[in-house]
Amino acid sequence: TQLLEQSPQFLSIQEGENLTVYCNSSSVFSSLQWYRQEPGEGPVLLVTVVTGGEVKKLKRLTFQFGDARKDSSLHITAAQPGDTGLYLCAGRGATGTYKYIFGTGTRLKVLA
Amino acid sequence: GAGVSQSPSNKVTEKGKDVELRCDPISGHTALYWYRQSLGQGLEFLIYFQGNSAPDKSGLPSDRFSAERTGGSVSTLTIQRTQQEDSAVYLCASVPPGGYSPLHFGNGTRLTVT
């Protein structure tokens, strides 16, 4: 069974601080996605990374896929209250499956 | 609408009753997924449908759970003889054709079993 562990589980920071969320597995994934979810809504895609070692930037968010395609990180620079939400990573198996396994989630709260 | 639609948005049922949850995917999307989310945590995979292929049911927690997708479009998740541990938000997502397309989620059905 493929599992994705996220850390930290909860994070409360002040506006302007930087933070990193980690997504780790012992399994290899063909691709990995990051989503953000707000209360009462479904998750919304932030980014997809495909190649080992790949780094993608989305404004203040930087995403990295590990060289071995087993882990990923999300770094937020100068966090803002609008970044508050549940962050989820999701990996797609390397065996040609279309099944996406989601991580355990990181709940971020950014205080003004 | 243009997004994934799920109904009902909320469902309260008594233990032992059967429930049906409906998902209307985005037109043209070929894959459809069901996930379960408890207490705002991570998503637990239940089942996915891909085109005309046999569904991957490997995530269904027991034989009380079943799902079907009619005509490659609308999907229904059925839970028989509901238990209190079935209480959760059930999320549906559809995916367009393409190698690394994103999952487009509905807003979920919040199921409460009393």
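Reference entry: report on the structure contained in this document. All of these numbers come straight from a predicted model, not from anything done at the bench.

Residues Ser7(A) and Pro8(A) are joined by a peptide bond in cis, for which omega reads -5°. Cis geometry marks the peptide bond from Ser7(B) to Pro8(B), where omega comes out at -10°. Within the secondary structure, Pro8(B) is located in the loop between strand 1 (5-7) and strand 2 (10-13). In this model, Lys59(A) sits at a positive phi of 55°, which is unusual for a non-glycine residue. Position of Lys59(A) among the secondary structure elements: in the loop between strand 6 (55-58) and strand 7 (61-65).

With 21 residues of chain B at the interface, the matching set in chain A holds 23 residues. Taking both partners together, chain B and chain A bury about 1,700 Å²; carbon and sulfur atoms supply 55% of that area. Here chain B and chain A share 0 salt bridges between them. Applying the counting rule to chain B against chain A returns 9 residue pairs in polar contact (both at pLDDT 80 or more). If you list the elements that add at least two residues to the side of chain B that touches chain A, you get strand 4 (31-37) and strand 5 (43-50) of chain B. Residues belonging to the side of chain B that touches chain A are distributed by class as follows: 10 nonpolar, 10 polar and 1 charged.

This part is about the packing of aromatic side chains. Inspection of the entire model under this criterion finds 11 aromatic pairs over all chains. An angle of 15° between the planes, with centres 6.1 Å apart, marks the rings of Tyr33(B) and Tyr35(B) as stacked. Overall, the relative accessible area of 1% leaves Tyr33(B) in the buried class. On the basis of an interplanar angle of 50° and a centroid distance of 6.1 Å, the ring pair of Tyr35(B) and Phe105(B) is categorised as tilted. Within this pair, whereas Tyr35(B) is found in strand 4, its partner Phe105(B) is found in strand 9 (residues 104-105), the two being separated by 70 residues in sequence. On the basis of relative accessible area, Tyr35(B) is assigned to the buried category, the value being 0%. Given the relative accessible area of 12%, Phe105(B) is considered buried. An aromatic cluster of at least three residues, connected via ring pairs, comprises Tyr35(A), Tyr100(A), Phe102(A), Tyr33(B), Tyr35(B), Phe45(B), Tyr48(B) and Phe105(B).

Conventions we followed
Residues numbered from 1 in each chain as written. Chains lettered and ligands numbered in written order. Predicted model: local features only at pLDDT ≥ 70, side-chain atom pairs only at ≥ 80, totals over all residues. Heavy atoms only, no water. Helix = DSSP H or I, 4+ residues; strand = E, 2+ residues; numbered from the N terminus. Contact = heavy atoms within 4.5 Å. Buried area = accessible area lost by both parts, 1.4 Å probe. Salt bridge = Lys/Arg side-chain N within 4 Å of Asp/Glu carboxyl O. Polar contact = N/O pair within 3.5 Å; in protein donor to acceptor, adjacent residues only side chain to side chain. Nonpolar A, V, L, I, M, F, W, Y, C, P; charged D, E, K, R; others polar. Phe/Tyr/Trp six-rings, centres within 6.5 Å; stacked < 30°, edge-to-face > 60°. Buried < 20%, exposed > 50% of the residue type's maximum accessible area, 1.4 Å probe, protein only.

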